[in-house]
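Structural features, examined
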Amino acid sequence: MLASLNRFFPRMRLRRNVQLISKMDIFCHLILVICLPVSLLYEFIAVIPKYHSPGGYAYALIVICVILLYINVMANMIACMMVDISVDCDRIKSFDVNDECVNWRHCKICNALAPPRSWHCATCGTCILTRDHHCNFTGCCIGHQNYRYFTCFVLYSFVLSSLLMFYNLKYFIWSMGQLTYHTHFSDMTFLQILHNSVFTLNLIYQIFSTGMIILHAPFVLKGELIGERNLKDKHNYDAGIYYNLRGIFGQHMHVAWIFPLFASQLPGDGYNWKLTTKDKSTETIATIRSRPTV
């Protein structure tokens, strides 16, 4: 299984034991895995037919778009979970860190050397390469090799939730228009209660995805990590918007966002970093003398 996946994820280490550790990870993951498909099924049966005749071209087009967006959301989520982004301790032992290597440190918990921009995750129980944060929906940390998949996961979630909200909001307004000001909850029909529940889930999904876009977009464009925002003595890794995006989506970033199985080798290895100075020149702060990660 892992051998076949390595064809689609070249130069990446894959996790052999994918599991959700914390209760919050399990809760958030189940909400996404169970509630989203149920919500989509309701959209296909009850909501979209209100605006497009089933069997027509418009209905088929909307359904195909929703299915493709859903596949991308789930595929990028799975890709996030499959990629092992923990610091490779065996690789660390193969080279020396001298005085020219800035920002390397010793992790007391792992009792091992940690590269720049790597941090220990208490939930995952290991140091994460280029750690941004721990995502409860994927049940793993977001870092060097899976930042691309997380970004696409958030992006496609935003597009999907926006499309669903467009139809749900119109249907919600129509449904609530059938009620009077004095209508009690007990007087509502089962379909009205069901749609209000689905609408609430979609609204939460929309707020979540929009909030994640607003939160992460500045960090992605500036080449920063969430974990670095509160550091007093932080380095500048901003190489410009183009190279920052290339550092996330890889050498084939023009197609890497389409689907997670499109191979796109990252220009860096997560150990060797270049520091951007005020005059826009770059200075190598660490050098890897070992072979590339496999």
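Here the structure is a predicted model, which is why all the values come from computation and not from measurement. (Residues numbered from 1 in each chain as written. Predicted model: local features only at pLDDT ≥ 70, side-chain atom pairs only at ≥ 80, totals over all residues. Heavy atoms only, no water.)

Scanning the protein for helices and strands turns up eight helices and eight strands. Out of the 294 residues belonging to the protein, those deemed buried represent 43%. Looking at the protein alone, contacts between residues at least 24 apart form 63% of all its contacts between residues at least 6 apart. Split by element, the accessible area of the protein, about 16,300 Å² in all, is 64% carbon and sulfur. (Helix = DSSP H or I, 4+ residues; strand = E, 2+ residues; numbered from the N terminus. Buried < 20%, exposed > 50% of the residue type's maximum accessible area, 1.4 Å probe, protein only. Contact = heavy atoms within 4.5 Å. Areas by Shrake-Rupley, 256 points an atom, 1.4 Å probe, with all protein chains shown as cover.)

Opposite charge on two side chains permits pairing when their charged atoms draw close. One pass over the structure, following the stated rule, counts one salt bridge. Note that Arg-117 is salt-bridged to Glu-228, the shortest N-O span being 2.6 Å. Here Glu-228 lies in the loop between helix H6 (190-222) and helix H7 (241-249) and Arg-117 lies in the loop between strand S2 (112-114) and strand S3 (119-121), a separation of 111 residues in the sequence. Since its relative accessible area comes to 5%, Arg-117 is described here as buried. (Salt bridge = Lys/Arg side-chain N within 4 Å of Asp/Glu carboxyl O.)

On to the UniProt feature "transmembrane region" (unreviewed entry) in the protein, then. Sites flagged by UniProt as "transmembrane region" (unreviewed entry) map to residues 57-83, 153-173 and 193-221. Between the first and last C-alpha atoms of residues 153-173 the distance is 29 Å; the span itself is 100% helix and 0% strand. As annotated, residues 193-221 has a helix share of 100% and a strand share of 0%, and its two end C-alpha atoms lie 42 Å apart. (UniProt positions renumbered as here; feature names shortened; annotations may be inferred.)

For the structure on display, the rule yields two cavities of 30 Å³ or more. Roughly 50 Å³ of volume is contained in the second largest cavity. As for the second largest cavity, its lining consists of Met-12, Gln-145, Arg-148, Tyr-149, Ile-248, Phe-249, Ser-264 and Leu-266. Every element with two or more residues in the lining of the second largest cavity is listed here: helix H5 (147-177) and H7. (1 Å grid on protein atoms, 1.4 Å probe; cavity = no way out; pocket = protein on both sides within 12 Å on 5 of 7 lines; lining within 4 Å. Points joined across faces, edges and corners; volume = space filled by probe spheres on them.)

The N-to-C vectors of helix H2 (residues 23-47) and H6 enclose an angle of 125°; their axes lie 10 Å apart at closest approach. By the angle between their directions, the pair H2 and H6 is classed as oblique. Taken as a pair, H2 and H6 cross one another with a handedness that is left-handed. Contacts from Leu-32, Cys-35, Leu-36, Ser-39, Tyr-42, Glu-43 and Val-47 of H2 reach H6 at Leu-191, Leu-194, His-195, Val-198, Leu-201, Asn-202 and Tyr-205. Of the residues assigned to the contact of H2 with H6, the class counts are 10 nonpolar, three polar and one charged. (Axes fitted to C-alpha atoms, helices over the stretch in contact; angles between N-to-C directions. Parallel < 35°, antiparallel > 145°, perpendicular 65-115°, else oblique. Left-handed = near helix turned anticlockwise from the far one by under 90°. Nonpolar A, V, L, I, M, F, W, Y, C, P; charged D, E, K, R; others polar.)

Moving on: the layout of surface pockets. Approximately 300 Å³ is the volume found for the second largest pocket. Lining the second largest pocket are 18 residues, and of these Arg-15, Asn-17, Asp-84, Ser-86 and Thr-126 lie nearest its centre. Contributing elements (two or more residues each) for the lining of the second largest pocket: strand S4 (126-128) and strand S6 (140-142). Residue composition of the lining of the second largest pocket, grouped by class: nine nonpolar, six polar and three charged.

Moving on, we come to the environment of Leu-30. Topologically, Leu-30 is positioned in helix H2. Each C-alpha atom of the pair Leu-30 and Phe-137 lies 8.3 Å from the other, and the pair is 107 residues apart in sequence.

Within the secondary structure, Glu-43 is located in helix H2. By relative accessible area, which is 1% here, Glu-43 ends up buried. In this structure Glu-43 touches Ile-48, Pro-49, Leu-164, Asn-168, Val-198 and Asn-202, once residues within four positions along its chain are discounted.

Our next topic: H7. For H7, the complete set of buried residues consists of Asn-244, Ile-248 and Phe-249. Along the axis of H7, the buried positions cluster into a sector of 120°, meaning they face one direction only. Backbone geometry just downstream of H7 places Gly-250 in the positive-phi region, at approximately 90°. (Arc of directions from axis to C-beta.)

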